[in-house]
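Chain by chain, the residues run as shown.
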Amino acid sequence: MAMAVAAGTLAATGAAPAVAAAPGPSGTTPVVSSVGCASLTSNANGRAQVRNICNHTINATVSIDWGWDPDCKSIRAGRSATFTWDSTGGRAEYAYEC
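Calculation criteria
Residues numbered from 1 in each chain as written. Predicted model: local features only at pLDDT ≥ 70, side-chain atom pairs only at ≥ 80, totals over all residues. Heavy atoms only, no water. Helix = DSSP H or I, 4+ residues; strand = E, 2+ residues; numbered from the N terminus. Buried < 20%, exposed > 50% of the residue type's maximum accessible area, 1.4 Å probe, protein only. Contact = heavy atoms within 4.5 Å. Phe/Tyr/Trp six-rings, centres within 6.5 Å; stacked < 30°, edge-to-face > 60°. Lys NZ or Arg CZ within 6 Å of the ring centre and 35° of its normal. Disulfide = S-S within 2.5 Å. Pairing = 2+ DSSP bridges. Lys, Arg positive; Asp, Glu negative; His and termini not counted. Salt bridge = Lys/Arg side-chain N within 4 Å of Asp/Glu carboxyl O. Polar contact = N/O pair within 3.5 Å; in protein donor to acceptor, adjacent residues only side chain to side chain.

### Considerations on the overall build of the chain
- When helices and strands are tallied, the chain shows 1 helix and 7 strands.
- Along the chain, helices and strands appear, N-terminal first, in the series α-β-β-β-β-β-β-β.
- Burial status across the chain gives 32% buried among its 98 residues.
- Taking as baseline every contact in the chain between residues at least 6 positions apart, the subset at least 24 positions apart corresponds to 52%.

### Here we look at the packing of aromatic side chains
- What the rule picks out here adds up to 1 aromatic pair.
- Pairing Tyr94 with Tyr96 gives two aromatic rings, centres 6.0 Å apart and planes at 55 degrees, and the pair type is tilted. Both residues of the pair, Tyr94 and Tyr96, count as buried.
- In this structure, Lys73 packs its charged tip against the face of Phe83, placed 4.9 Å from the ring centre.

### Looking at the state of the cysteines
- Tallied over the entire structure, the rule returns 2 disulfides.
- In this model Cys37 forms its disulfide with Cys54; the gap between the sulfur atoms is 1.9 Å. Its S-S torsion of about -85 degrees marks the bond between Cys37 and Cys54 as left-handed, since a negative value means left-handed. Placement of the pair is Cys37 in the loop between strand E1 (33–35) and strand E2 (38–44) and Cys54 in the loop between strand E3 (47–52) and strand E4 (58–63), with a sequence separation of 17 residues.
- Taking relative accessible area as the criterion, Cys54 reaches 24% and is therefore assigned partly exposed.
- Put simply, Cys72 and Cys98 are joined by a disulfide, and their sulfur atoms are 1.8 Å apart. Taken together, the positions of Cys72 in the loop between E4 and strand E5 (73–75) and Cys98 in the segment after strand E7 (94–97) put the pair 26 residues apart, joining distant regions of the chain.
- Assigning the bonded cysteines of the chain consecutive numbers by sequence position, one obtains the connectivity 1-2, 3-4.

### As for the pairing of E2
- Note that E2 and E3 share 6 bridges and pair antiparallel. Counterpart to Ala44 in the pairing with E3 is Arg47.

### Details of the environment of Thr41
- Mapped onto the fold, Thr41 is located in strand E2.
- Taking the C-alpha atoms as reference, Thr41 lies 9.0 Å from Ala95; in sequence the two are 54 residues apart.

### Some words on the pairing of E4
- Burial runs high along E4: 5 of the 6 residues are buried.
- Direction of pairing for E4 relative to E5: antiparallel, over a ladder of 3 bridges. Along E5, the bridge assignment pairs Asn59 with Ser74.

### A word on the side chain of Asp69
- Within the secondary structure layout, Asp69 lies in the loop between E4 and E5.
- For the buried Asp69, which has no salt bridge, the nearest side chain bearing the opposite charge is Lys73, at an N-O separation of 14 Å.
- A distance of 2.8 Å separates a polar atom in the side chain of Asp69 from the backbone nitrogen of Ile64.
- At a separation of 2.8 Å, a polar atom in the side chain of Asp69 contacts the side chain of Tyr96.

Take a look at the structure:
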């Protein structure tokens, strides 16, 4: 449900989700992936950190899979929020405003 709402919001604003980055030379995926003001700055199984890169407060979350994403959190300008979930769900694909 959250993804459907987010997809509709992104479509209405003309924004598109960030494409997953290709693995780097060390076999790790680059950390930065964002949509709008929400920037994924840390990403591990079951835990991700999102930074608000804009100069106003936003609501944001991360995309885990098409069926479920963590609840949105309010993030003040220049601040970060940590999102957690069951680590068996894997890593976040990207951060987005909601």
